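Summary of the model geometry
Each chain, letter by letter, is given below.
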Amino acid sequence: MRSHIFAYIAVMAIVTFLVRALPLTLIRTEIKSKWVHSFLYYLPFATLAAMTVPAIFTATSNVYSATAGFLVALVLSYFRRSLLTVAAGACIAVYIAELF
Amino acid sequence: MKPGMSNNSSFRENFLAGLKDGLPICLGYLAVSFAFGIQAVESGLTVFEATMISLLNVTSAGQFAGIGIIAANGSFLEIAASQLIINLRYSLMSVAISQKIDPKLPTLKRLGIAFGMTDEIFAVSAARPGVLQPSFSLGAISISVAGWVLGTFLGAYAGQILPDRVISALGLALYGMFLAIIIPPARDSRPVLYVVLLAMFLSVLFTYAPYLRLISSGFRIIIVTLLSAGLFATISNKDSGES
């Protein structure tokens, strides 16, 4: 592993960059399809929701503290708090839950 | 379709707006990348290596998976495939942003925007009214990436001195950030709410159901995204950009 470490890092970086760069450099015209526009509108919500649940429940040392963090994040984001407030609030909730 | 086309606000104004929208992302990234730095060092990487990964990749899930494969002495093919699958969602976001920038924007600027295409930067970019200005992206990306890299360095360098309980709590930072992005629009729009609920349901199903659970987590996210966004694009047409 040690001798190849920077080769690993280079492979990660190149693949990731190509994934991001190809659509942005190749697509230079407006896509007319209403369906595609609709799909692209819903896309980030679907991805982030899928990434959050159920992974959030195993992100801390136990499911109870994770649930506490999830609920606090849900309430804070429902009331439109900033990214930082929601993230920090969730972390603090986990910390407090794990004191018991 | 393009109300902001004749955008006469200056570079400086857009850049500052980018910095402003990027600041909370930067602070959220500090917490998440701090956790990444700790884990990278635990996996046997040096502080420098961990920091370089964050500077060159700027992904969350992809980086966490990557250091796992490096630690397990996986093949180059395996690490390339993992990054492709886990990060493929960024190409969908890049397609969306390709429709929001000036069609005449030169390639170099497109590459710059692509470099910083993360879930959070995509979210603030998509929420910009009208055409996305590259100066806005420059502001949002530079401050966010700075937070991501600095947090990794600090976590890798000093993370071991933190108690386990603090490290456990930091594990929720990333997801808190995701919820802060998706919940407010879900509150305002019924179709968005249903997309979120459907994606969460399918994600749970694909994680635990027999056979379905054999699908790797990167593919799972792509399949769930295609199914939920595709279904609602079909039954509830909503024009992008107008949020």
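So, a few notes on the structure that sits alongside this text. (Residues numbered from 1 in each chain as written. Chains lettered and ligands numbered in written order. Predicted model: local features only at pLDDT ≥ 70, side-chain atom pairs only at ≥ 80, totals over all residues. Heavy atoms only, no water.)

**A look at the pattern of salt bridges**
This is how the line gets drawn: Salt bridges are counted wherever a side-chain nitrogen of Lys or Arg sits within 4 Å of a carboxyl oxygen of Asp or Glu. Strands here are runs of E lasting at least two residues and helices are runs of H or I lasting at least four, both read from the DSSP assignment and numbered beginning at the N terminus. Throughout this description, buried means an accessible area under 20% of the type-specific maximum (1.4 Å probe, protein chains only), exposed means over 50%, and partly exposed covers the range between.
Going through the model one piece at a time under the given rule, you end up with two salt bridges over all chains. The salt bridge involving Arg 80 of chain A is made with Asp 188 of chain B; its shortest N-O contact spans 2.9 Å. With Arg 80 of chain A in the loop between helix H3 (63-78) and helix H4 (83-97) and Asp 188 of chain B in helix H9 (residues 173-188), the pair connects residues from two separate chains. For Asp 188 of chain B, a relative accessible area of 54% translates into the label exposed. The shortest N-O distance in the salt bridge between Asp 119 of chain B and Arg 89 of chain B comes to 2.8 Å. One end of the pair, Asp 119 of chain B, is in helix H6 (residues 119-126); the other, Arg 89 of chain B, is in helix H4 (residues 76-98), with 30 residues separating them in the sequence. When its relative accessible area of 3% is taken as the criterion, Arg 89 of chain B is described as buried.

**Description of H3 of chain A**
Condition: Take the residue count of a helix, subtract one, and multiply by 1.5 Å to get its expected span. The arc in question is the one traced by the directions running from the helix axis out to the C-beta atoms. Residue contacts are counted whenever heavy atoms from the two residues lie within 4.5 Å of one another.
With 16 residues, H3 of chain A should cover 22 Å at 1.5 Å per step; its first-to-last C-alpha distance of 22 Å lies within 8% of that length. Those residues of H3 of chain A that sit buried are Ser 65, Ala 66, Gly 69, Phe 70, Ala 73 and Ser 77 of chain A. The arc that holds the buried residues of H3 of chain A, viewed along the axis, is 140°, so those residues lie on one side. Those residues of H3 of chain A hidden inside the fold are in contact with H4 of chain A together with H9 of chain B.

**Some remarks on the interface of chain A and chain B**
Here is the rule: Here the quantity called buried area is the accessible surface, traced with a 1.4 Å probe, that two parts lose on coming together, added over both. Two N or O atoms form a polar contact when they lie within 3.5 Å of each other; inside protein one atom must be a possible hydrogen donor and the other a possible acceptor, and for residues adjacent in sequence the pair counts only when both atoms belong to side chains.
Taken together, the 70 residues of chain A in the interface contact 106 residues of chain B. Among the residues chain A hides against chain B, the three largest losses belong to Arg 20, Leu 24 and Tyr 42 of chain A. Together they make up 10% of the total. Where chain A touches chain B, the interface holds one salt bridge. Linking chain A with chain B are 24 residue pairs in polar contact (both at pLDDT 80 or more), by the criterion used here.

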